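Here is what each chain is made of, one letter per residue.
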Amino acid sequence: YDLDGLDIDLEWEVLTTIDTAGNYTPFVRELSTALKKKGKLLSCATASHAGGMVPLPSLPWFDYVNIMAYDFIGATWGTPGDEHASLAQAQADIAVWQMHGLPKAKLVLGVPFYGYGFNGLAKSYDYRTLIDTFGEQASESDVQGTRCPTCQYITYNGRPTIRAKTKLALDQGAGIMIWELSGDAPGPDSLLQVIDEALKIPRTKTAQ
């Protein structure tokens, strides 16, 4: 298909089972070696806590490591009242991987184009639906309703937070990963537009 490469998105129980059997890193090593011969890239998606992290010995074989800095809470996990993808969480997740020695040139920050509803609302909303439902002002916020354990609210990322996360990704890493692009809103409310604009801002090069 003449693609640029492959992304490995094996998570949680599947990831743990493969790694426990001693197969994850050898698989990544062999795949990476074969792809390099074809001039192709290899990346992965990973959480940042035990049970969801790709094995550290596999890191040298990836060209990019896409950090899934979202889903802190959801319909059946976490504490209602929290945010599912705050800027603070993105900063904390990046710090975890920096601590494990992941170089800046490989670190990619994942951002969500969706949100979660609580206490009687729909369990999930893509960003496009949020704009259609609540209007353009929703693009400038990260919450609809009031965040509290018993309140009806939706937690997501609006344009200001996506802009801040893009800046963070450029300062601390190699770029941005989106889950998922089809959830974006068209026109002036677009999150992809914010990312594109932020990526084009000239920045001073730092050590990799």
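Everything that follows concerns the structure shown earlier in this document.
Thresholds applied
- Residues numbered from 1 in each chain as written.
- Predicted model: local features only at pLDDT ≥ 70, side-chain atom pairs only at ≥ 80, totals over all residues.
- Heavy atoms only, no water.
- Helix = DSSP H or I, 4+ residues; strand = E, 2+ residues; numbered from the N terminus.
- Contact = heavy atoms within 4.5 Å.
- Buried < 20%, exposed > 50% of the residue type's maximum accessible area, 1.4 Å probe, protein only.
- Arc of directions from axis to C-beta.
- Polar contact = N/O pair within 3.5 Å; in protein donor to acceptor, adjacent residues only side chain to side chain.
- Phe/Tyr/Trp six-rings, centres within 6.5 Å; stacked < 30°, edge-to-face > 60°.
- Core = buried A, V, L, I, M, F, W, Y, C linked by side-chain atoms within 4.5 Å.

Q: Looking at this model, I keep getting lost on the environment of Ala-138. Mind explaining?
A: Looking at the element boundaries, Ala-138 is found in the loop between helix H4 (127–134) and strand S7 (143–145). Sequence separation of Ala-138 and Asp-189 is 51 residues, and the distance between their C-alpha atoms is 8.9 Å. Residues within four places of Ala-138 in sequence aside, it is in contact with Leu-130, Ile-131, Gln-144 and Tyr-156.

Q: Quick question: what am I supposed to make of helix H6 (residues 191–199) here?
A: In an α-helix, one turn spans 3.6 residues, which is why side chains three or four residues apart end up on the same side. By the burial criterion, the buried members of H6 are Leu-191, Val-194, Ile-195 and Ala-198. Along H6, the residues classed as buried sweep out an arc of 95° about the axis, all on the same side. Looking at the packing, one finds that the buried side of H6 touches strand S4 (107–112), H4, helix H5 (159–172) and strand S9 (175–179). Structurally, the start of H6 carries an N-cap: the backbone nitrogen of Leu-192 is 3.2 Å from a side-chain oxygen of Ser-190.

Q: Can you walk me through the environment of Trp-179 in this structure?
A: Considering the arrangement of structural elements, one finds Trp-179 in strand S9. Taking the C-alpha atoms as reference points, Trp-179 and Arg-128, separated by 51 residues in sequence, lie 13 Å from one another. Those residues in contact with Trp-179 that sit more than four places away from it in its chain are Tyr-70, Val-111, Pro-112, Phe-113 and Tyr-114.

Q: Please clarify how the side chain of Thr-166 should be interpreted in this entry.
A: For Thr-166, the position within the fold is in helix H5. Residue classification places Thr-166 among the buried positions, given a relative accessible area of 0%. Aside from chain neighbours lying at most four places away, what touches Thr-166 is Ile-176, Ile-195, Ala-198 and Leu-199.

Q: How should I be thinking about the packing of aromatic side chains in this particular structure?
A: Each aromatic ring pair is summarised here by two numbers: the centre-to-centre distance and the angle between the ring planes. Applying the stated rule across the entire model yields four aromatic pairs. Each ring, one from Trp-77 and one from Tyr-116, has its centre 5.8 Å from the other, and the planes form 80°; the classification is edge-to-face. Of this pair, Trp-77 sits in the loop between strand S3 (64–67) and helix H3 (87–99) while Tyr-116 sits in strand S5 (residues 114–118); the two residues are 39 residues apart in sequence, bridging distant segments of the chain. For the ring pair Phe-118 and Tyr-153, a centre distance of 5.1 Å and an interplane angle of 20° mean the geometry is stacked.

Q: Mind showing me how you'd approach the nonpolar core here?
A: Ranked by internal contacts, the top residues of the largest apolar core, which has 23 residues, are Ile-8, Tyr-24, Leu-42, Cys-44, Phe-62, Trp-97 and Leu-109. Sorting the residues of this core by element identifies helix H2 (24–37), strand S2 (41–46), S3, H3, S4 and H5 as the ones contributing at least two each. Considering every element that reaches this core, the biggest residue donor is H2, with four residues. With near-sequence residues (within four places) excluded, Leu-109 lies in contact with Ile-67, Ala-69, Ala-90, Ile-94, Lys-165, Leu-168, Ala-169, Gly-175, Ile-176 and Met-177. By size, the runner-up hydrophobic cluster in this structure holds 14 residues, among which are Val-111, Tyr-125, Ile-162 and Ile-195.

Q: When you look at unusual backbone geometry in this model, what are you seeing that I'm missing?
A: Negative phi is the rule for most residues except glycine; trans is the rule for most peptide bonds. For the bond from Trp-179 to Glu-180, the omega torsion is -20°, close enough to zero to count as cis. The topology assignment puts Glu-180 in the loop between S9 and H6. A positive phi angle, near 55°, is found at Asp-2, a position not held by glycine. For Asp-2, the position within the fold is in the segment before strand S1 (5–8). For Asp-2, a relative accessible area of 72% gives the class exposed. One non-glycine residue, Asn-119, lies in the positive phi region at around 60°. In this structure, Asn-119 sits in the loop between S5 and strand S6 (124–126). For Asn-119, a relative accessible area of 34% puts it in the partly exposed group.

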